[in-house]
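Chain and residue survey
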Amino acid sequence: PAAHLLKTNTATNSHIGGSPEVASDFTWPSKEGVLLGFLAQVNLQELAATHTIEWLPESGDLLFFYDLQEQPWGFDPKHRGGWSVIYLPNSDGKRTERLAPGDLPKESLLAKANVTFRQVNTFPSAMADIDELQLTDEELDNYSEYQEAQFAQHPQHQIGGFASPIQ
């Protein structure tokens, strides 16, 4: 099982894009002096209300940042630092929206979309994880369609479950 992120018009504390809600002393992550773009803020209490993921705390927030200019894959050691995931434990309520620093390129600013979560089942990737089954092309197509159906035509943004490699 995994938690599927779904866009919602309802106000939530979890969102893709926009600006993070952080304390005033928050330091914006960077790589070699280049600021990382803000991807998402996941409120772990909202996540846990839908699907508990045993390796994550049930409260606090996760902030996701990424080098949206270079878009490193992570295969090369020089890509290290091209992303950052920051855990913020529950605070005393002294968090405010922190706008991106002025020198962050406009291409690294993403529009805000509130998200909610629903539990879905995920399966190993047909591309790499099930080769030993020696499925026919038709069986592989059916398997892929079944995997995609779990997300009901929505983007496959998820937390937990099997990874879904995208090329």
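Residues numbered from 1 in each chain as written. Predicted model: local features only at pLDDT ≥ 70, side-chain atom pairs only at ≥ 80, totals over all residues. Heavy atoms only, no water.

Moving on, we get to the sheet that holds strand β7 (residues 61-66). Taken together, the seven strands give an open sheet; going across it, the order is β8-β7-β6-β2-β10-β1-β11, and neighbouring strands pair in antiparallel fashion. Edge positions in the sheet fall to β8 (83-88) and β11 (158-159), since each has one partner strand and no second. Sheet topology places β7 next to β8; six bridges connect them, and they run antiparallel. Note on β8: the bridge partner recorded for Tyr66 is Trp83. (Pairing = 2+ DSSP bridges. Helix = DSSP H or I, 4+ residues; strand = E, 2+ residues; numbered from the N terminus.)

Take Gln147: it is sitting in helix α2 (residues 137-149). Classification of Gln147 as buried rests on a relative accessible area of 18%. From its side chain, Gln147 meets the backbone oxygen of Phe123 in a polar contact 3.3 Å long. Within polar-contact distance, the side chain of Gln147 engages the backbone oxygen of Pro124 at 2.9 Å. Look past the residues within four positions of Gln147 in its chain and what remains in contact with it is Phe123, Pro124, Ser125 and Ala126. (Buried < 20%, exposed > 50% of the residue type's maximum accessible area, 1.4 Å probe, protein only. Polar contact = N/O pair within 3.5 Å; in protein donor to acceptor, adjacent residues only side chain to side chain. Contact = heavy atoms within 4.5 Å.)

Turning to the side chain of Ser14, a few remarks are in order. Structurally, the position occupied by Ser14 is in the loop between β1 (2-7) and β2 (15-16). Residue classification places Ser14 among the buried positions, given a relative accessible area of 0%. A polar side-chain atom of Ser14 sits 2.9 Å from the main-chain amide nitrogen of Asn43. A polar contact of 2.6 Å, which involves the side chain of Ser14, links it to the side chain of Glu46. Filtering out sequence-adjacent residues up to four positions away, Ser14 remains in contact with Gln41, Val42, Asn43, Glu46, Asn114, Val115 and Phe117.

Phi at Ala152 takes a positive value of approximately 50°, unusual for a residue other than glycine. Positive phi, close to 65°, is recorded for Gln153, a residue that is not glycine. Along the chain, Gln153 turns up in the loop between α2 and β11. Overall, the relative accessible area of 79% leaves Gln153 in the exposed class.

Throughout the structure, instances matching the rule amount to six aromatic pairs. Judged by centre distance (6.1 Å) and plane angle (25°), the ring pair of Phe26 and Phe65 falls under stacked. Of this pair, Phe26 sits in the loop between β3 (21-22) and β4 (30-31) while Phe65 sits in strand β7, and the two are 39 residues apart along the sequence. When sorted by exposure, Phe26 lands in the same class as Phe65, which is buried. Put simply, the rings of Phe26, Trp28, Phe38 and Phe65 touch in pairs and so form one group of aromatic residues. (Phe/Tyr/Trp six-rings, centres within 6.5 Å; stacked < 30°, edge-to-face > 60°.)

Residues Asp137, Glu138, Glu139, Asp141, Glu145 and Glu148 make up a contiguous surface patch of negative charge. In this fold, Glu139 is placed in helix α2. Take Glu139: its relative accessible area is 38%, and that puts it in the partly exposed class. (Patch = residues over 30% accessible without salt bridge, like charges linked within 9 Å, V, L, I, M, F, W, Y side chains within 5 Å. Areas by Shrake-Rupley, 256 points an atom, 1.4 Å probe, with all protein chains shown as cover. Salt bridge = Lys/Arg side-chain N within 4 Å of Asp/Glu carboxyl O. Lys, Arg positive; Asp, Glu negative; His and termini not counted. Charge placed at Lys NZ, Arg CZ, Asp CG, Glu CD.)

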